[in-house]
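# An overview of the molecular structure
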Amino acid sequence: MMNTSELYNLIYEHHLLNENTAAQLKVLTEKYPWFQLAWMLYLKNLKQIESPEYNSVLKKAAVQISDSKLLYNYLNSGFQKKQHNFEFENHVQVFDISATKVNDGNSLIDRFLSSDSSKIRNFHDDVTGLELENRIEIIEKSTAENDDIITETLAVIYFQQKNYEKALDAYKKLSLKYPEKSIYFATQIEEIEKIKNTNS
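Residues numbered from 1 in each chain as written. Predicted model: local features only at pLDDT ≥ 70, side-chain atom pairs only at ≥ 80, totals over all residues. Heavy atoms only, no water.

## Side note on the confidence of the model for the chain
- Overall, the prediction assigns the chain a mean pLDDT of 75, with 68% of residues at 70 or greater.
- For residues 79-104, every residue scores under 50 in pLDDT, and the model assigns this stretch 52 contacts once sequence neighbours within four places are set aside. (pLDDT = per-residue confidence, 0-100. Contact = heavy atoms within 4.5 Å.)

Here it is, written out as structure tokens:
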């Protein structure tokens, strides 16, 4: 199993990423699926060795990694130690797998909270106008609703939240996506429109 210092080296020394490190990082992500840094390194590794598994792992990892902007920047640019000091130093410190025990209770959280907060800085301080526009565009794309993730459950949730416009939109997309259930979706659309008209 890869230790903390090896992980730390891989973050800044991309030339060390190879087939062997990819296999070790895969094991790490399987054993600790919540470990975001491991997913990011695994993806960077797969991209660097031009692995055919990259796209399928990217889809899986996108669910596990909370900061899609950081992931995008990390995968698509050269990594600069200074710029991302806070994210990675603290993640390595917090997720010291060899030292973490299941029965430690909140010690992991306590260690994070007691870590040096002086490493935190506002990334907007030294961002140019063009960089800021690029970041905004990335954020907008990442928060845009993808037709692939629209499900009947999501449509029901929109309806229960009284977000009738989104519910209607979801049912219309589902009707196109699943033509065999179009009659059912048409009924749902009709009912939502009646409720919407009654409430307006």
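## Quick word on the packing of helix 3 (residues 36-48) against helix 5 (residues 68-76)
- Put simply, helix 3 and helix 5 touch, their axes get as near as 10 Å, and they point 30° apart. Classified by the interaxial angle, the pair formed by helix 3 and helix 5 is roughly parallel. Between helix 3 and helix 5 the crossing geometry is right-handed. Between helix 3 and helix 5, the residues in contact are M40, L41, L43, K44 and K47 and L70, L71, Y74, L75 and N76, respectively.
- Residue composition of the contact of helix 3 with helix 5, by class: seven nonpolar, one polar and two charged. (Axes fitted to C-alpha atoms, helices over the stretch in contact; angles between N-to-C directions. Helix = DSSP H or I, 4+ residues; strand = E, 2+ residues; numbered from the N terminus. Parallel < 35°, antiparallel > 145°, perpendicular 65-115°, else oblique. Left-handed = near helix turned anticlockwise from the far one by under 90°. Nonpolar A, V, L, I, M, F, W, Y, C, P; charged D, E, K, R; others polar.)

## Re the nonpolar core
- If you look at the biggest cluster of nonpolar residues, it comprises 27 residues, and the most contacted ones within it are L7, L25, L28, F35, L41, L43 and I65.
- Elements that contribute at least two residues to this core include exactly helix 1 (4-12), helix 2 (19-31), helix 3, helix 4 (54-64) and helix 5.
- Residues L154, Y164, Y171 and L174 belong to the second largest nonpolar core, which totals 13 residues. (Core = buried A, V, L, I, M, F, W, Y, C linked by side-chain atoms within 4.5 Å. Buried < 20%, exposed > 50% of the residue type's maximum accessible area, 1.4 Å probe, protein only.)

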